[in-house]
Amino acid sequence: DTGVSQDPRHKITKRGQNVTFRCDPISEHNRLYWYRQTLGQGPEFLTYFQNEAQLEKSRLLSDRFSAERPKGSFSTLEIQRTEQGDSAMYLCASTARGTNTDTQYFGPGTRLTVL
Amino acid sequence: RKEVEQDPGPFNVPEGATVAFNCTYSNSASQSFFWYRQDCRKEPKLLMSVYSSGNEDGRFTAQLNRASQYISLLIRDSKLSDSATYLCVVNVGAGSYQLTFGKGTKLSVIP
């Protein structure tokens, strides 16, 4: 499968625990995005990387959230001290260099449930 | 006012029907426009980009009216497989790559 992959697909955690999600973009895609989607809503932008540089961050990305893309390939999203309000689907997307930069290809998402 | 607003839905239509979805956006500087499709508990997938001149892909036609800040999607001859949530999506450009999604409109095509 050469699409965007995310791991894990599902995560159940207790309030206050830390969680980390991984996203592997389509090979050679230099732009990578994280979104969050809650039930009945469209995805909401969290952050964006071009190669290893984090260039945009949403105000939704509180100080409990941190994202990295250390080698410009895969990315991780960590949530510290999880709260019940963090329960959502976390989606990763990627875009290729030199193409229509707005055509974002999404991964299957990581569904987080905070108990 | 929300940045991207869509018909609330849900739309329940019989097979073969024509259905139209409407969407408005608030930022007049928006540069790119899309319709994405999302199946239940799946990721969004690009259905089509939307251009000022209008564009058609088989049974799907998308229109953009920049003056009215309005986007539409028309589905002709609905199939059962068209059942999904349709998301109106906007990119404001100007160096930003984030997509802004509407809440989505759920379509159920009934046999």
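Overview of the structure.

## A look at the overall build of chain A
Within chain A, the regular secondary structure consists of zero helices and 11 strands. The N-to-C order of helical and strand elements in chain A reads β-β-β-β-β-β-β-β-β-β-β. For chain A, the C-alpha radius of gyration of 13 Å lies close to 13 Å, the compact-globule estimate for 115 residues. Projected onto its principal axes, the C-alpha coordinates of chain A cover approximately 40 × 25 × 25 Å. For chain A, buried positions account for 50% of its 115 residues. When contacts within chain A are restricted to residue pairs at least 6 apart in sequence, long-range pairs at least 24 apart make up 53% of them.

## Some words on the side chain of Thr47 of chain A
Residues and elements named next belong to chain A. Of note, Thr47 is situated in strand E5 (residues 44-50). Exposure remark for Thr47: the relative accessible area of 0% places this residue in the buried category. Within the structure, Thr47 has its side chain in polar contact with the backbone oxygen of Glu56 (distance 2.7 Å). If near-sequence neighbours (up to four positions away) are discounted, Thr47 is found in contact with Leu32, Tyr33, Trp34, Gln54, Glu56, Lys57, Leu61 and Ala67.

## Let's talk about the pattern of salt bridges
All names here are of chain A. Applying the stated criterion across every chain, the model contains seven salt bridges over all chains. A salt bridge links Arg64 to Glu83, with the nearest nitrogen and oxygen atoms 3.4 Å apart. Of this pair, Arg64 sits in the loop between strand E6 (53-57) and strand E7 (65-68) while Glu83 sits in the loop between strand E8 (75-79) and strand E9 (88-95), and the two are 19 residues apart along the sequence. Look at the salt bridges and you will find they share partners, linking Arg64, Glu83 and Asp86 into a network.

## What about the sheet that holds strand E6 (residues 55-57) of chain B?
Across a sheet, paired strands are connected by hydrogen bonds in the backbone, their directions being either parallel or antiparallel. Residues and elements named next belong to chain B. If you trace the five strands from one edge of the open sheet to the other, you get E1-E3-E8-E7-E6, paired in antiparallel fashion. Looking at the sheet topology across the chains shown, the edges are occupied by strand E1 (4-6) and E6. Each neighbouring strand pair of the sheet contributes to a mean axis angle of 15 degrees, computed without reference to strand direction. Where E6 lies against strand E7 (residues 60-65), three bridges are found, and the strand directions are antiparallel. Bridge pairing links Asn55 to Ala62 in E7.

Cut-off values and rules
Residues numbered from 1 in each chain as written. Chains lettered and ligands numbered in written order. Predicted model: local features only at pLDDT ≥ 70, side-chain atom pairs only at ≥ 80, totals over all residues. Heavy atoms only, no water. Helix = DSSP H or I, 4+ residues; strand = E, 2+ residues; numbered from the N terminus. Rg over C-alpha atoms; globule rule 2.2 N^0.38 Å. Buried < 20%, exposed > 50% of the residue type's maximum accessible area, 1.4 Å probe, protein only. Contact = heavy atoms within 4.5 Å. Polar contact = N/O pair within 3.5 Å; in protein donor to acceptor, adjacent residues only side chain to side chain. Salt bridge = Lys/Arg side-chain N within 4 Å of Asp/Glu carboxyl O. Pairing = 2+ DSSP bridges. Axes fitted to C-alpha atoms, helices over the stretch in contact; angles between N-to-C directions.

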